[in-house]
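Next come the chains, spelled out residue by residue.
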Amino acid sequence: NRISLTKSNVALISLSIDNSDTDRIAGSVSNASWFVPLSGDRATFSATNPAPQFGNYTLTIPGTPGSTSSPAGTSFGTLNVSAAGNITFAGSLADGTKISQASAVSKDGSWPLCVPLYSTNGLVLGWQTFTNTSADDLSGPVCWIKTAQANAKYFPAGFAFIPSLSGSAYLAPTLGIPAINLPLANLIFTDGGLSQSYTNLISILSNNKATNIAGTKFTLTVTPKTGVFSGNFFNPGNGKTVPISGVVNQKLNSGAGFFLSTNLSGQV
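Residues numbered from 1 in each chain as written. Predicted model: local features only at pLDDT ≥ 70, side-chain atom pairs only at ≥ 80, totals over all residues. Heavy atoms only, no water.

## Thoughts on the sheet that holds strand 16 (residues 198-204)
Strand order across the open sheet formed by eight strands is 17-16-15-22-21-20-19-18, with antiparallel pairing between neighbours. The two strands at the open ends of the sheet, each matched to only one other strand, are strand 17 (210-214) and strand 18 (218-222). The mean inter-strand angle of the sheet, taken between neighbouring strand axes irrespective of direction, is 30°. Pairing of strand 15 (residues 185-191) with strand 16, which is carried by five bridges, proceeds in the antiparallel orientation. Following the sheet pairing, Phe189 is matched in strand 16 by Tyr198. (Pairing = 2+ DSSP bridges. Helix = DSSP H or I, 4+ residues; strand = E, 2+ residues; numbered from the N terminus. Axes fitted to C-alpha atoms, helices over the stretch in contact; angles between N-to-C directions.)

## Points about the nonpolar core
Ranked by internal contacts, the top residues of the largest apolar core, which has 28 residues, are Leu79, Trp111 and Phe130. When contributions to this core are tallied by element, the ones reaching two or more residues are strand 5 (55-61), strand 6 (75-81), strand 7 (86-92), strand 9 (110-117), strand 10 (122-130) and strand 13 (159-161). Sorting elements by how many residues they give to this core places strand 9 first, with four residues. Judged by nonpolar contacts, the second largest core, of 22 residues, contains Ala179, Ile180, Leu182 and Leu194. (Core = buried A, V, L, I, M, F, W, Y, C linked by side-chain atoms within 4.5 Å. Buried < 20%, exposed > 50% of the residue type's maximum accessible area, 1.4 Å probe, protein only.)

## A word on the sheet that holds strand 4 (residues 35-41)
Ordered by their spatial adjacency, four strands build an open sheet running 1-2-3-4, and the pairing between neighbours is antiparallel. The sheet is open, and its two borders are formed by strand 1 (2-6) and strand 4, each paired with just one other strand. Between one strand and the next, the sheet's axes are offset by a mean angle of 25°, whatever the strand orientation. Pairing geometry for strand 1 and strand 2 (residues 9-17), over four bridges, is antiparallel. Looking across to strand 2, one finds that Ser4 is bridged to Val10.

## Thoughts on unusual backbone geometry
Of note, Tyr118 is a non-glycine position whose phi angle comes to about 55°, a positive value. Overall, Tyr118 belongs to the buried group, its relative accessible area being 13%. Within the chain, Phe155 stands out as a residue other than glycine whose phi angle is a positive 55°. Looking at the secondary structure, you find Phe155 in the loop between strand 12 (143-146) and strand 13.

Here you go:
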């Protein structure tokens, strides 16, 4: 099929069923200047053929520590796979952008993550694979692109990099049980224009709130249903209170997220 994007820009899309696997298609998208391969999977799961990946997940996409030209904080999200294999994903990128996607998991455990961003001036995309390793239950490379936008509050010059997404199955705790087992842990705030990094000694209590043992003033609460945490911390460098957000990772018994300063992204 030929698609006219503009009068002078026509894309040719070619698709065919994979002869070795009729649940897959392969092909390409091209024009006079470029060529890219295209692949896709049939959604094979149903109520009578449930997806083995059924359940809830939390996931993170790391930024670039120390960077001032792209997000240094950790992007995060939550994901649900229904018994029929339908995926519902919602997240927050570490430049403050909210993202969401409805998709499906393939029979080999692949998720095609693709979300257009910034009014079509960027995107995140990459095939993600459901696994069951000691490190994660979901992983894959993510291409995150933002083109230059002079009026953008964060990173107006744009950026492009390829971090690795990592996710963990998430089981909501029963009442009185913390979502993550951290009776003693470090809570670290770094980058994002801070004059220095700050490390707090904390404990996650049975009510899923963190208590401060030592360090700068902060609040942090984990939502048991989703594994998302939110709160704020006091920045001694400028005397301001800074909002924070992120998710816990039950497999690694840790958590990560980000905060935003005037024009930069920091890591939690």
